[in-house]
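What the coordinates show
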Amino acid sequence: MALLSDADRQELQKTFAELKQPVKLVFFTQTLNCETCDAAKQILDEVGKISDKLTVEEHDFILEQQAAATYGISRVPAIAVVANGSDPGIRFFGAPMGYEFASLLEAIILVGGAEDADLAETSQQLIGSVKEPVDIKVFVTPT
Amino acid sequence: MRMAVSSDQVKATVVGAAEFPEDVRKYRISGVPKTVVNEKVEILGAVPEEEYVRESLTPFTVTQ
């Protein structure tokens, strides 16, 4: 059974049509000992078929350790949201369901340039004065 | 994520807490969303953008 309804698909088609540059979801999965990898794979397979501007590149976390290291992936399921040759450092750990799916869409829109970050000026100034690498982790649940 | 696309220095990771119980213990997650920045700053719950950016980045910026 498809996870996305026809209405979902149409809505996503419209959203992805706005992407100014192609976006790639680099997906890491493994066959054993990963409860949610199958669900993640199914949703990403469906999402990847919607638009030419969005591709899904699947890697086996166990067999492709080099790729996992390149993207800083330490566990699965994981998704790196990247554009053509640029990686702004957005990662998802866990299956993109519920709230996480909404966040993934937002990441695709931002990385694909369909929308500007549009942060307040004071926020932009602060971001400009960051002097060391900042690693922000946000913990969420599907609901 | 908006911060990550705005800066090469900033990376953003979204973690499904239910799937990684070891993190729930490690970061003492009592509610969501919970933000942890550089293992140092913690923000619990959703807060307005400017406040969120200020709290998460200020310790890591050049003193003005």
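You'll find the structure just up there.
Quick caveat: nothing in here was measured; it's all calculated off a predicted structure. (Residues numbered from 1 in each chain as written. Chains lettered and ligands numbered in written order. Predicted model: local features only at pLDDT ≥ 70, side-chain atom pairs only at ≥ 80, totals over all residues. Heavy atoms only, no water.)

With respect to the helices and strands, B:K34 occurs in strand β2 (residues 34–37). A polar contact is formed between the side chain of B:K34 and the backbone oxygen of B:Y27, at a distance of 3.0 Å. Here the side chain of B:K34 touches B:R28 through a polar contact of 3.2 Å, landing on its backbone oxygen. Beyond its immediate stretch of four places on either side in the chain, B:K34 contacts A:K137, A:V138, A:F139, B:Y27, B:R28, B:I29, B:E42, B:I43 and B:L44. (Helix = DSSP H or I, 4+ residues; strand = E, 2+ residues; numbered from the N terminus. Polar contact = N/O pair within 3.5 Å; in protein donor to acceptor, adjacent residues only side chain to side chain. Contact = heavy atoms within 4.5 Å.)

Below, the discussion takes up helix α5 (residues 121–128) of chain A. Of all the residues in α5(A), the buried ones are A:S123, A:L126 and A:I127. Summarising the axial view, the buried residues of α5(A) lie within an arc of 100 degrees, below the 170-degree limit, and thus occupy one face. What points out from α5(A), more than 90 degrees from its buried face, is the exposed set A:E121, A:Q125 and A:G128. Against α1 (2–6) and α3 (49–57) of chain B lie the buried residues of α5(A). (Buried < 20%, exposed > 50% of the residue type's maximum accessible area, 1.4 Å probe, protein only. Arc of directions from axis to C-beta.)

Another aspect to go through is the interface of chain B and chain A. Contacts between chain B and chain A engage 43 residues on the former and 41 residues on the latter. Summed over both sides, the interface between chain B and chain A buries roughly 4,200 Å², with carbon and sulfur atoms accounting for 58% of that surface. When the area that chain B buries against chain A is broken down by residue, the three leading residues are B:M1, B:R2 and B:V14, summing to 17%. The tally of links from chain B across to chain A stands at five salt bridges. The residue B:E39 makes a salt bridge to A:K137 at a minimum N-O spacing of 2.6 Å. Taken together, the links from chain B to chain A amount to 31 residue pairs in polar contact (both at pLDDT 80 or more). Elements that contribute at least two residues to the side of chain B that touches chain A include exactly α1, β1 (10–16), α2 (21–26), β2 and α3 of chain B. Tallying contributions element by element places β1(B) first for the side of chain B that touches chain A, with seven residues. Residue composition of the side of chain B that touches chain A, by class: 23 nonpolar, ten polar and ten charged. Note that strand β5 (residues 134–140) of chain A and β2(B) share four bridges and pair antiparallel. (Buried area = accessible area lost by both parts, 1.4 Å probe. Salt bridge = Lys/Arg side-chain N within 4 Å of Asp/Glu carboxyl O. Nonpolar A, V, L, I, M, F, W, Y, C, P; charged D, E, K, R; others polar. Pairing = 2+ DSSP bridges.)

So, on to the state of the cysteines. One covalent bond between the sulfur atoms of two cysteine residues makes up a disulfide. Residues and elements named next belong to chain A. Within the structure shown, the criterion is met by one disulfide over all chains. There is a disulfide in this structure between C34 and C37, and the S-S distance comes to 2.0 Å. The chirality of the disulfide connecting C34 with C37 is right-handed, given an S-S dihedral of about 80 degrees. For C34, a relative accessible area of 14% translates into the label buried. (Disulfide = S-S within 2.5 Å.)

That is the geometry; function is a separate question.
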